[in-house]
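# Structure at a glance
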Amino acid sequence: MTAPVFVADSLAGAAAGVRVRLEGPEGRHAVSVRRLRVGEPVVLTDGHGTGVQGTVAAVEGKDRLEVAVDEVRREAAPDPRITVVQALPKGDRGELAVETMTETGVDAVVPWSAARCVTQWKGERGLKALGKWRSTAREAGKQSRRLTFPEVTDAMTTRQVARLLAEAQFAAVLHEEGGEPLAAAQLPASGEIVLVVGPEGGVSPEELAAFAEAGARPYRLGPSVLRTSTAGTAAAALLLGRTGRWG
């Protein structure tokens, strides 16, 4: 079994032979829930590409421990970078989408309030839902042993999504009537790839027109129609394989 991963507030100054302290909620989880003891292996990450491998050197109380660093790893920025614009699904399917996309390797998730979304984020309810998505990305990043966690942005409107698509090197909208399979699309060697996943009711004609004007073409995944909560994960896996990031 690989060593458990915890998020450190900062790994500035971390180097082989140095001790790094883990405290707060993550320290409490490590000490009181996982019950780590001196000598056990552990991985710390800042979630932004830096991680350390080491062993528990000391345990203090119920929420603090020190890790003796054996090795420091720093990941290069992903290229091409893959962003999925995810229409808001019903219930907890949004968190499922974020969890599996994080495990797959997506770099950013953009919640999108599409016209045909049954769920709409407003006021305190919207802030709470966004917090759940961000917490899910963090926990899934730890579970999948990522050093760089995906960014979950604030929810965007269709107009904001269109601007995001216009700035991308490759922009696509998953659509069951897309004339070209995503597996055959011409992908850039570097830069930004932005993929739009619509709601269960589909992307509206007005939204398709706005995205087309921004340079995004409709593509299909395959012969079957996936749910909005799984389509982004399947498409991301395809793109990660085709761009060589899964090489």
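This section reports on the structure supplied with the text. A quick note: this is a predicted structure, and the numbers were derived from the prediction, not measured.

Among the nonpolar cores identified, the biggest contains 47 residues, and Trp-112, Val-161, Leu-165, Leu-182, Val-196 and Phe-211 are the most heavily contacted of them. At the level of elements, β6 (81-87), α2 (93-104), β7 (108-112), α3 (123-143), α4 (158-166), β9 (170-174), β11 (192-197) and α6 (228-242) are the ones that each hand at least two residues to this core. Those residues in contact with Leu-165 that sit more than four places away from it in its chain are Ala-171, Val-194, Val-196, Phe-211, Ala-214 and Ala-216. If you look at the next biggest cluster of nonpolar residues, it comprises 16 residues, including Ala-8, Val-42, Val-52 and Val-69.

On the secondary structure map, Glu-206 appears in helix α5 (residues 205-213). Judged by relative accessible area, which is 59%, Glu-206 ranks as exposed. Sequence separation between Glu-206 and Ala-115 is 91 residues; the distance between their C-alpha atoms is 9.3 Å.

Strand order across the open sheet formed by five strands is β1-β3-β4-β5-β2, with mixed pairing between neighbours. Only two strands of the sheet have a single neighbouring strand rather than two, namely β1 (5-7) and β2 (19-22). Direction aside, the axes of adjacent strands within the sheet are offset by 40 degrees on average.

Let us now look at the sheet that holds strand β10 (residues 180-181). Pairing within the open sheet is parallel, and its seven strands lie in the order β8-β7-β6-β11-β9-β12-β10. In this open sheet, the two strands that pair with only one neighbour each are β8 (151-152) and β10. In the sheet, β9 pairs with strand β12 (residues 217-220) via three bridges, with the strands oriented parallel. What sits directly across from Val-173, in β12, is Pro-218. Where α6 meets the sheet, it contacts β6, β9 and β11, and its direction lies at approximately 155 degrees from that of β11.

What follows covers α6. For α6, with 15 residues, the first-to-last C-alpha span of 22 Å sits near the 21 Å given by 1.5 Å per residue. Those residues of α6 lying buried are Thr-228, Ser-229, Ala-231, Gly-232, Thr-233, Ala-235, Ala-236, Leu-239 and Leu-240. On the buried face of α6, the contacting elements are β6, α2, β9 and β11. Phi turns positive one or two residues past the end of α6, at Gly-244, with a value near 90 degrees.

All right, on to the side chain of Arg-146 then. Checked against the element boundaries, Arg-146 lands in the loop between α3 and β8. Comment: no salt bridge for buried Arg-146; closest opposite-charge side chain is Asp-107, at 4.2 Å. Side-chain polar atoms of Arg-146 contact the backbone oxygen of Thr-148, separated by 2.9 Å. Apart from the residues within four sequence positions on either side, Arg-146 is in contact with Thr-45, Met-101, Thr-102, Gly-105, Val-106, Asp-107 and Gly-141.

Along β2, the buried face is formed by Val-20 and Leu-22; none of Arg-19 and Arg-21, which line the opposite face, is buried. Pairing of β2 with strand β5 (residues 64-74), which is carried by four bridges, proceeds in the antiparallel orientation. Looking at the pairing, Leu-22 lines up with Leu-65 of β5.

Turning next to the pairing of strand β4 (residues 50-60). Bridging between strand β3 (residues 41-45) and β4 involves five bridges; their strand directions are antiparallel. In the strand pairing of β4, Val-42 is matched with Gly-54. Remark: four residues form the turn of the hairpin made by β3 and β4, two consecutive strands paired antiparallel; Gly-47 in that turn has positive phi of roughly 80 degrees. Looking at chain direction, β4 and β5 are connected through 10 bridges and run antiparallel. Within β5, the residue paired with Gly-54 across the bridge is Val-69. The hairpin turn running from β4 into β5, its antiparallel successor, is three residues long, and Gly-61 in that turn takes a positive phi close to 65 degrees.

We now examine the pattern of salt bridges. Under the defined criterion, the tally for this structure stands at 15 salt bridges. Residue Arg-245 is joined to Asp-107 by a salt bridge in which the shortest nitrogen-to-oxygen separation is 2.6 Å. Taken as a pair, Arg-245 in the segment after α6 and Asp-107 in the loop between α2 and β7 lie far apart in primary sequence, 138 residues in all. We classify Asp-107 as buried; its relative accessible area is 7%. For the salt bridge of Asp-154 with Arg-134, the shortest nitrogen-to-oxygen distance reads 3.0 Å. Taken together, the residues Asp-154 in the loop between β8 and α4 and Arg-134 in helix α3 connect sequence positions 20 residues apart. The class for Arg-134 is partly exposed, based on a relative accessible area of 37%. When salt bridges that share partners are traced, they join Arg-19, Arg-21, Arg-28, Glu-60, Asp-63, Arg-64 and Glu-66 into one network.

Analysis parameters
Residues numbered from 1 in each chain as written. Predicted model: local features only at pLDDT ≥ 70, side-chain atom pairs only at ≥ 80, totals over all residues. Heavy atoms only, no water. Core = buried A, V, L, I, M, F, W, Y, C linked by side-chain atoms within 4.5 Å. Buried < 20%, exposed > 50% of the residue type's maximum accessible area, 1.4 Å probe, protein only. Helix = DSSP H or I, 4+ residues; strand = E, 2+ residues; numbered from the N terminus. Contact = heavy atoms within 4.5 Å. Pairing = 2+ DSSP bridges. Axes fitted to C-alpha atoms, helices over the stretch in contact; angles between N-to-C directions. Expected span 1.5 Å × (residues − 1). Lys, Arg positive; Asp, Glu negative; His and termini not counted. Salt bridge = Lys/Arg side-chain N within 4 Å of Asp/Glu carboxyl O. Polar contact = N/O pair within 3.5 Å; in protein donor to acceptor, adjacent residues only side chain to side chain.

So, to be careful, I would describe these as geometric facts and stop short of saying anything about function.
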